[in-house]
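Each chain is listed here by its residues.
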Amino acid sequence: MNLKKAAAEKAVEAIKDGMCIGLGTGSTAYWAIQRIGERVRDGLKIEAVATSVASEELAVQLGIPIVPFENITRLDITIDGADEVNPELHLIKGGGGALLREKIVAANTDYFIVVADENKAVDTLGSFALPVEVVPFASEWTKRRLEASCPDVQWRLKDGVKYITDNGNYIADCRYGEINDPAALEAILNSIPGVVDNGLFVGMADKIIIAKSDGELDIRVK
Ligand SMILES: O=C(CO)[C@H](O)[C@H](O)COP(=O)(O)O
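Keep in mind it's a predicted model, so treat the numbers as computed, not measured. (Residues numbered from 1 in each chain as written. Predicted model: local features only at pLDDT ≥ 70, side-chain atom pairs only at ≥ 80, totals over all residues. Heavy atoms only, no water.)

### Here we look at helix 5 (residues 139-147)
Since the α-helix turns once every 3.6 residues, residues separated by three or four places project in the same direction.
Argument step 1. Restricting attention to buried positions, one finds in helix 5 the residues Ser 139, Thr 142, Lys 143 and Leu 146. Around the axis of helix 5, the buried residues are gathered within 105° of arc, so they sit on the same side. (Buried < 20%, exposed > 50% of the residue type's maximum accessible area, 1.4 Å probe, protein only. Helix = DSSP H or I, 4+ residues; strand = E, 2+ residues; numbered from the N terminus. Arc of directions from axis to C-beta.)

### Things to note about the pattern of salt bridges
Any two side chains of opposite charge can pair, so long as their charged atoms come close to each other.
Argument step 1. Counted according to the given criterion, the structure contains 14 salt bridges.
Argument step 2. Close ionic contact of Lys 93 with Asp 80 constitutes a salt bridge, the shortest N to O distance being 3.0 Å. Within this pair, whereas Lys 93 is found in the loop between strand 5 (91-92) and helix 4 (99-107), its partner Asp 80 is found in strand 3 (residues 75-80), the two being separated by 13 residues in sequence.
Argument step 3. Given the relative accessible area of 1%, Asp 80 is considered buried.
Argument step 4. For Lys 103, the salt bridge is made with Glu 186, and the minimal N-O distance between the two is 2.7 Å. (Salt bridge = Lys/Arg side-chain N within 4 Å of Asp/Glu carboxyl O.)

### Concerning the side chain of His 90
Argument step 1. Relative to the elements of secondary structure, His 90 occurs in the loop between strand 4 (84-85) and strand 5.
Argument step 2. The class for His 90 is buried, based on a relative accessible area of 16%.
Argument step 3. In terms of polar contacts, His 90 uses its side chain to reach the backbone amide nitrogen of Gly 203, at 3.1 Å.
Argument step 4. Each residue touching His 90, except ones within four places of it in the same chain, is listed here: Glu 84, Val 85, Leu 125, Pro 182, Phe 201, Val 202 and Gly 203. (Polar contact = N/O pair within 3.5 Å; in protein donor to acceptor, adjacent residues only side chain to side chain. Contact = heavy atoms within 4.5 Å.)

### Brief notes about the packing of helix 2 (residues 27-41) against helix 3 (residues 53-61)
Argument step 1. At a minimum axis distance of 9 Å, the contact between helix 2 and helix 3 shows a crossing angle of 25°. With respect to their mutual orientation, helix 2 and helix 3 come out roughly parallel. Crossing of helix 2 against helix 3: the hand is right-handed. Between helix 2 and helix 3, the contacting residues are Tyr 30, Ile 33 and Gln 34 on the first element and Ser 55, Leu 58 and Ala 59 on the second.
Argument step 2. Looking at the contact of helix 2 with helix 3 residue by residue, the classes come out as four nonpolar, two polar and no charged. (Axes fitted to C-alpha atoms, helices over the stretch in contact; angles between N-to-C directions. Parallel < 35°, antiparallel > 145°, perpendicular 65-115°, else oblique. Left-handed = near helix turned anticlockwise from the far one by under 90°. Nonpolar A, V, L, I, M, F, W, Y, C, P; charged D, E, K, R; others polar.)

### Let's talk about the UniProt feature "active site" (unreviewed entry) in the protein
Argument step 1. Taken from the UniProt record, the annotation "active site" (unreviewed entry) applies to Glu 102.
Argument step 2. Structurally, Glu 102 is set in helix 4.
Argument step 3. Owing to a relative accessible area of 4%, Glu 102 belongs among the buried residues under this scheme.
Argument step 4. Here Glu 102 is in contact with Thr 25, Thr 51, Asp 80, Lys 93, Gly 94 and Phe 201, once residues within four sequence places are set aside. (UniProt positions renumbered as here; feature names shortened; annotations may be inferred.)

### Things to note about the domain arrangement of the protein
Argument step 1. Domain annotation of the protein identifies domain 1 (3-120 + 202-215) and domain 2 (130-194).
Argument step 2. Using C-alpha coordinates to define each centre, domain 1 is positioned 24 Å away from domain 2.
Argument step 3. In this assembly, 14 residues from domain 1 lie in contact with 14 residues from domain 2.
Argument step 4. Overall, the association of domain 1 and domain 2 removes approximately 1100 Å² of surface from exposure, summing both partners, and the carbon and sulfur fraction of that is 54%.
Argument step 5. On the surface where domain 1 and domain 2 come into contact, there are one salt bridge.
Argument step 6. Joining domain 1 to domain 2, the criterion identifies seven residue pairs in polar contact (both at pLDDT 80 or more).
Argument step 7. It is helix 4 that provides the largest number of residues to the side of domain 1 that touches domain 2, a total of four residues. (Domains from an automatic or database assignment. Buried area = accessible area lost by both parts, 1.4 Å probe.)

### Focus: unusual backbone geometry
Argument step 1. A positive phi is found at Leu 89, a non-glycine position, where the angle reads about 70°.
Argument step 2. Along the chain, Leu 89 turns up in the loop between strand 4 and strand 5.
Argument step 3. You will see that Asp 159, though not glycine, has its phi angle at about 50°, which is positive.
Argument step 4. Tracing the sequence through the fold places Asp 159 in the loop between strand 9 (157-158) and strand 10 (161-162).
Argument step 5. Look at Asp 159 and you get exposed, because its relative accessible area is 75%.

### Here we look at helix 2
Argument step 1. Over its 15 residues, helix 2 runs 21 Å from end to end, which matches the ideal 21 Å to within 8%, given 1.5 Å per residue.
Argument step 2. Looking only at helix 2, the buried set comprises Thr 28, Ala 29, Ala 32, Ile 33, Gln 34, Ile 36, Gly 37 and Val 40.
Argument step 3. Residues of helix 2 that are buried in the fold lie against helix 1 (3-12), strand 1 (20-23), helix 3, strand 3 and strand 6 (109-117).
Argument step 4. Where helix 2 ends, the next residue or the one after it, Gly 43, has phi of about 115°, a positive value. (Expected span 1.5 Å × (residues − 1).)

Below is the structure:
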């Protein structure tokens, strides 16, 4: 059974005619976009924005109407994946490098649905290295500031060079171990000059759909 697909397809059931939809990024959001594409082919009337170039390209291939961000003021529903979800519905995101656009989109959405397989459910956030998006200017200085609060900070690399986000920035992957107060850490990180944003999504998810290997869906709501 494809757990990511099962969670994603359940989430897509919430989409109705006339809605503006935020499309997430990653291998779980991929299945949501595929299903939305099928429903559009069957006559669903929606408009969408995407949280990454990759998701936008996929949506366009599938015939999902993509509109400029400036053309809409608010999204009805966004469906996106996560790297970790905790029992309070707080998240770590950004494993795919799209955390900034994902957070902007989630923050401007009325109902943010997170889809995941059971491997993403944790009691305490922090096993997954927290992605922090950093502007390239003086980035080693910013990294040193991050190291003041985190024992293990590594630049994300792609093909041996620093990974560049869709926004032209770097990602520092920060291993904190257990993150017991995500809201406090989010505020600390975002107060460091040079940090654009970080992958902690605190209090943003309205619903989390976790597909389990026994075939059940674990659905958590705010
Ligand atoms: O935050 C993300 C991308 O920036 C993804 O939603 C997250 O990494 C989960 O990815 P996947 O569904 O492939 O496991």
